[in-house]
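Observations on chain architecture
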Amino acid sequence: MSNPKPPVCGGAEGARRATEADPQTSRGGKGRWSAKRKAQVVLELLRGADLESLSRKYAVTAATLSAWRDAFLAGGEASLKVRQEDLVDEQGRRMKSVIAELAMENELLRERIRRLEDEKPFLGWRSKK
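Residues numbered from 1 in each chain as written. Predicted model: local features only at pLDDT ≥ 70, side-chain atom pairs only at ≥ 80, totals over all residues. Heavy atoms only, no water.

1. Brief notes about the overall build of the protein chain
The helix and strand inventory of the protein chain stands at 4 helices and 0 strands. The order of helices and strands in the protein chain, counted from the N terminus, is α-α-α-α. A buried classification covers 14% of the 129 residues belonging to the protein chain. Counted over contacts in the protein chain with a minimum sequence separation of 6, partners at least 24 positions apart contribute 38%. Taken as a whole, the protein chain presents about 10,900 Å² of accessible surface, with 57% of it coming from carbon and sulfur. (Helix = DSSP H or I, 4+ residues; strand = E, 2+ residues; numbered from the N terminus. Buried < 20%, exposed > 50% of the residue type's maximum accessible area, 1.4 Å probe, protein only. Contact = heavy atoms within 4.5 Å. Areas by Shrake-Rupley, 256 points an atom, 1.4 Å probe, with all protein chains shown as cover.)

2. Let's talk about helix α2 (residues 35–46)
With 12 residues, α2 extends 16 Å between its outermost C-alpha atoms, agreeing within 8% with the 16 Å of an ideal straight helix rising 1.5 Å per residue. Positive backbone phi, approximately 115°, marks G48, located one or two places after α2. (Expected span 1.5 Å × (residues − 1).)

3. Concerning the packing of aromatic side chains
Under the criterion given, the structure shown has 2 aromatic pairs. On the basis of an interplanar angle of 55° and a centroid distance of 5.1 Å, the ring pair of W33 and W68 is categorised as tilted. With W33 in the loop between α1 (11–20) and α2 and W68 in helix α4 (residues 62–119), the pair connects residues that are 35 residues apart, well separated along the chain. Each member of the pair, W33 together with W68, is buried. Aromatic ring contacts, followed pair by pair, group W33, Y58 and W68 into a single cluster. Note that R37 overlies the ring of W33, its terminal NZ or CZ placed 3.8 Å from the centroid. (Phe/Tyr/Trp six-rings, centres within 6.5 Å; stacked < 30°, edge-to-face > 60°. Lys NZ or Arg CZ within 6 Å of the ring centre and 35° of its normal.)

4. Notes on the pattern of salt bridges
On inspection of all chains with the given rule, the structure shows 7 salt bridges. Two residues, D70 and R69, come together in a salt bridge whose shortest N-O distance is 3.6 Å. Residues joined in a network through salt bridges with shared partners are E111, R114, R115 and D118. (Salt bridge = Lys/Arg side-chain N within 4 Å of Asp/Glu carboxyl O.)

Given below as structure tokens:
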């Protein structure tokens, strides 16, 4: 009979398991926290979970959870501002395009009127009697 080998846990393997773990299963604060795990915990906090109970559940200090929450909210706010600025920029570009198109159309119409008047002045101005 062969003797089964015990699983080898290298440093990278342990770190990978720590970051891929579901936030519902506490790892006792061991390992690195992925952005996805942090976001899930912060969302739980924002949904009304008690800060102290989450701190105990995930073995992370309340200050760390608060910092994650603040960073999460600041990132969302920055994203909204960028989108608003992009929207304003896009509207400005569209308005400039419309103005340029109208200016070109006016220029062409003025040139057409000038040519018509040069060829037959006041042709269309006869009174209807």
